[in-house]
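Residue-level listing of the chains:
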Amino acid sequence: MPVARPESSDSRVIAHVDMDCFYVQVEQRKQPTLRGLPTAVVQYNSWKGGGLIAVGYEARKYGVKRSMRGDEAKKVCPDIHLVQVPVSRGKADLTVYRDAGSEVVSILSKKVRCERASIDEVYLDLTEAAEKMLAENPPESLEAISEEVLKSHVLGLHLDGANDRDCVKKWFCTNNSVRRDKLLACGALIVAELRLEVLKETEFTCSAGIAHNKMLAKLASGMNKPAQQTIVPFSSVNKLLESLPIKKMKQLGGKLGTSLQVDLCVNTVGDLLQFSEEKLQERYGINTGTWLWNVARGICGDEVKGRLLPQSHGSGKTFPGAQALKTVYSVQKWLNELCEELCERLLRDLEQNKRIARTLTLHASAYKPNDSESLKKFPSKSCPLRNGIAKMQEDALNLFHAGLREYLGVYHARMKESKQHEWAITGLSVSASKIVVIPSGTHSIMKYFHNQNQTCTTTRESNDICTQGAASLSSSGTGSCTGLHLAEPLNDAHEDETKVDHAMSGSEPDGDEIEADDLYMTKVAGNQDLPFSRTEQKLRLTDETPISCSASENGLGSNLTQSTMDNLQPGLKPEKQKRKFQKDKGSSSILRFFHSDDSCSLPEHAHIKTFGESGSSSSGKLLPKNEQPTDGNTMNTCNLREDPSNDDAWSYKKDEIDPSVLNELPLEIQAEVRAWVRPHKRANIGKRGSSIIHYFSPTANS
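Residues numbered from 1 in each chain as written. Predicted model: local features only at pLDDT ≥ 70, side-chain atom pairs only at ≥ 80, totals over all residues. Heavy atoms only, no water.

J.: Teacher, can you tell me more about the side chain of Thr 359 here?
T.: By secondary structure assignment, the location of Thr 359 is in strand E14 (residues 359-367). With near-sequence residues (within four places) excluded, Thr 359 lies in contact with Ser 382, Cys 383, Leu 385, Ser 431, Ala 432, Ser 433 and Lys 434. (Helix = DSSP H or I, 4+ residues; strand = E, 2+ residues; numbered from the N terminus. Contact = heavy atoms within 4.5 Å.)

J.: What am I meant to see in the pairing of strand E1 (residues 14-19) here?
T.: Sheet faces and side chains relate simply in a regular strand, where the side chains alternate between the two faces. For E1, the tally of buried residues reaches six of six residues, placing the bulk of the element in the interior. Neither face of E1 is open: one carries Ile 14, His 16 and Asp 18, the other Ala 15, Val 17 and Met 19, and all of them are buried. Relative to strand E10 (residues 206-211), E1 is paired through six bridges, and the arrangement is antiparallel. Residue Ala 15 lies in a different strand from E10, and its bridge partner there is Ile 210. Note: E1 against strand E8 (residues 121-125), five bridges, orientation antiparallel. For Ile 14, the partnering residue across the bridge sits in E8 and is Asp 125. (Buried < 20%, exposed > 50% of the residue type's maximum accessible area, 1.4 Å probe, protein only. Pairing = 2+ DSSP bridges.)

J.: How should I be thinking about the sheet that holds strand E15 (residues 381-384) in this particular structure?
T.: Pairing between the strands of a sheet is mediated by backbone hydrogen bonds and can be parallel or antiparallel. What the four strands build is an open sheet, ordered E12-E16-E14-E15; its pairing is antiparallel. Lying at the two open borders of the sheet, with one neighbouring strand each, are strand E12 (313-318) and E15. Each strand axis lies, on average, 15° off the axis of its neighbour in the sheet, ignoring direction. Two elements, E12 and strand E16 (residues 424-433), share six bridges in a ladder whose sense is antiparallel. Paired with His 313 across the strands is Ala 432, a residue of E16. Sheet strands touched by helix H14 (residues 328-353): E12, E14 and E16. Its angle to E16, the strand with the most contacts, is close to 20°. Set on the sheet, helix H15 (residues 389-408) makes contact with E14, E15 and E16; between it and E14 the angle comes to about 45°. (Axes fitted to C-alpha atoms, helices over the stretch in contact; angles between N-to-C directions.)

J.: Just checking my understanding: could you explain the nonpolar core for this structure?
T.: The tendency in soluble globular proteins is for nonpolar side chains to be buried side by side. Counting 49 residues, the largest nonpolar core has Val 41, Leu 108, Leu 124, Leu 126, Phe 172, Ile 210 and Ile 231 as its most contacted members. In terms of residues, this core owes the most to one element, helix H8 (residues 179-202), which gives 11 residues. Beyond its immediate stretch of four places on either side in the chain, Leu 108 contacts Val 17, Cys 114, Val 122, Leu 124, Leu 194 and Val 198. Core analysis: the next-biggest nonpolar cluster, separate from the first, contains 34 residues, Leu 325, Val 331, Val 410 and Leu 428 among them. (Core = buried A, V, L, I, M, F, W, Y, C linked by side-chain atoms within 4.5 Å.)

J.: Could you clarify how one ought to interpret the environment of Ala 390 in this entry?
T.: Relative to the elements of secondary structure, Ala 390 occurs in helix H15. Considering only alpha carbons, one finds Ala 390 and Cys 339, 51 residues apart in sequence, at a separation of 8.8 Å.

J.: What is the right way to look at the packing of aromatic side chains in this model?
T.: Each aromatic ring pair is summarised here by two numbers: the centre-to-centre distance and the angle between the ring planes. All told, the structure shown has seven aromatic pairs when counted by the stated rule. Look at Phe 22 and Phe 204: their rings are 5.3 Å apart centre to centre, the planes differ by 80°, and that puts the pair in the edge-to-face class. One end of the pair, Phe 22, is in helix H1 (residues 22-30); the other, Phe 204, is in the loop between H8 and E10, with 182 residues separating them in the sequence. Note on Tyr 23 and Tyr 97: the rings are 4.1 Å apart at their centroids and 15° apart in plane angle, and the pair reads as stacked. Within this pair, whereas Tyr 23 is found in helix H1, its partner Tyr 97 is found in helix H4 (residues 95-108), the two being separated by 74 residues in sequence. Linked through ring pairs, Phe 378, Phe 400, Tyr 407 and Trp 423 together constitute an aromatic cluster. The ring of Tyr 407 has Lys 368 lying over it, and the distance from NZ or CZ to the ring centre is 5.1 Å. (Phe/Tyr/Trp six-rings, centres within 6.5 Å; stacked < 30°, edge-to-face > 60°. Lys NZ or Arg CZ within 6 Å of the ring centre and 35° of its normal.)

J.: Would you mind showing me how to read helix H13 (residues 286-296) here?
T.: Owing to its 3.6 residues per turn, the α-helix brings residues three or four apart onto one side. With eight of 11 residues buried, H13 lies mostly within the body of the structure. Considered for burial, the residues of H13 that qualify are Thr 288, Gly 289, Thr 290, Trp 291, Leu 292, Asn 294, Val 295 and Ala 296. Residues of H13 that are buried in the fold lie against helix H9 (214-221), helix H10 (237-242), helix H11 (255-263) and helix H12 (277-284). Just beyond H13, the residue with positive phi is Gly 298, at close to 70°.

J.: Can you walk me through the pattern of salt bridges in this structure?
T.: Where charged atoms of side chains with opposite charge meet at close range, the side chains can pair. Applying the stated rule across the entire model yields 25 salt bridges. With its nearest N and O atoms 3.3 Å apart, the salt bridge here joins Glu 340 to Arg 89. One end of the pair, Glu 340, is in helix H14; the other, Arg 89, is in the loop between strand E5 (87-88) and strand E6 (91-92), and 251 residues separate them in sequence. Classification of Arg 89 by relative accessible area gives partly exposed; the value is 22%. A salt bridge links Glu 394 to Arg 386; the shortest N-O distance between them is 3.4 Å. (Salt bridge = Lys/Arg side-chain N within 4 Å of Asp/Glu carboxyl O.)

J.: Sorry if this is basic, but what is going on with H1 here?
T.: Burial of H1 is extensive: seven of the nine residues sit out of reach of the surface. The complete set of buried residues in H1 reads Phe 22, Tyr 23, Val 24, Gln 25, Val 26, Glu 27 and Gln 28. The elements touched by buried residues of H1 are E1, strand E2 (39-42), strand E3 (52-55), helix H2 (57-60), strand E4 (81-84) and H4.

J.: Is there a simple way to think about unusual backbone geometry in this case?
T.: Most of the time, phi is negative for any residue but glycine, and the peptide bond is trans. Look at the link from Lys 225 to Pro 226: it is a cis peptide, with omega at -5°. Tracing the backbone through its elements, the reader meets Pro 226 in the loop between H9 and strand E11 (229-231). You will see that Cys 265, though not glycine, has its phi angle at about 55°, which is positive.

J.: Explanation requested: the confidence of the model for the protein chain in the structure shown.
T.: When pLDDT is averaged along the protein chain, the result is 74, and 62% of the positions lie at 70 or above. pLDDT under 50 marks residues 453-587. Its contacts with residues more than four places away, or in other chains, come to 286 contacts. When the criterion is pLDDT under 50, residues 595-650 qualifies, and its contacts beyond four places in sequence or with other chains add up to 160 contacts. (pLDDT = per-residue confidence, 0-100.)

Below, the structure written as structure tokens:
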């Protein structure tokens, strides 16, 4: 629906640049031998020589028109050269033309603000540049005016049989012209220079219209082609519009234009001048009525939006006549092809421009073979766009089924094969819209699975390092954990169970199984803490010191007690030496992928810090200073949750995680990650203390 906008200024200078028979020019640049010869670009469909989608000006002289097919064009012009448009996935591939259009836009955008309207159309806002030229170097002060400028067409200019170029030069150099016209003259000088630069850089010619708004500039750009420009002074607006057919005006070529012709007997834009604004508002509503009233007077407040990139991406195909799709299978096949092309364009946009689309829309045209009088249109359907070809194809098919049910009036179930003869699809397209720039600071969740470079820290910093065995409980009930001594390597059976890979690099191709490094913090001579990986060393737990540990991740995992340690002694059967930290293989927490991959080697004899030395309780929470254990031989583990008391601890920022990505993870992982990023309650440090041992000690009343 058109929107009525008041003009911000009556002295704006707007240009519309339209490439001349662009597809043909692109093909002639690829094949220079075609220059100057009658040429046309035809569709990939070879029926009757293919439909013409672009006709060069040399071929138009012979009477060749776009409505013809290749065979008919050859009858009219036997020497015509027909170039087939590139084909991909069984349909036209316009990538080469889009890229060529981008070349033109990049040149124009260096000088003025541009709005790309289509593959071969651009709007320019020349107001600021024209005002600067008028102030510093007005046209009447120029010693010479280029030939390209003198070829301009000025509407309303009375030639009186004189030389056209002399009249145009006089119009440019007149001192007593109104300021509006002087600004247009400056704009025309700028546009002529830009057109010559485009020709030099790309070998493409273009035409332009220069006026005070977008609507008039668009009308003027096509009036004198090719390689020319037309200027619309304010005094010539009424003369331009009074005889213009109503259907030629933008947004009046459809139902609204037909209604004006049938209901109000309006055949030209000038005919609208007889109706008051109130009359048009009463008939078509306040907004549309005001817009029609403005159109009749050449008023248009649309701004040049300064957009160099398309607002949407689309991929479609038509199926005329016998090619119409009549089965769900055939529709699904083409939807898959269209979605693949659309996904490629979205990925390209993401890589080049850092933009993503939000909405997926399906459009289709259909008819009912058994109901030739049916005028009902196939409804368009939209949904949020999910990234990935498979998801896009699935959503597109669901949208088609929803539209088909509405089109046929069947809402309770999908159409069955037995009823598919009741409809036929003649056009199908998918589009991605609501394209926005990715907000700064937004990252994919995959970023957190990449290798992390973490330096070795000192014991004074007490940085937490994650292990699968976490908060430790003493088997003797003293509330502290003794050191874990590491000596000779385990046998091969134990190694098979503890072997891990760096952050997803060792996953299977299908992604079913992923393992990650288990890192430990070791305390060696000189009070230097070094992380090490069991992928580099095979370590045997000896019975020199008793230990017991429990999992730290949300209290899950099996306890490693002294009885479990007995099973790890050398000499036992390999199957008894497997670790029991997890109930079954492959079900470990997603948080293990956030470990550091940059590990340091471990001396053969070292012991590990526990929560006692790092100031943490068995539940993974920090202990008060007056309750921290003082045992020296302890194991240090890492708490991935943010700890405000430890500013130097290595952690991830929760606000860097894109919440929309979490919805694509498995449900169990979604719950775990959300639990991780959810704010946590403060530790309950009552009178009885935070160690679990205090809950087993007698109370004062017992």
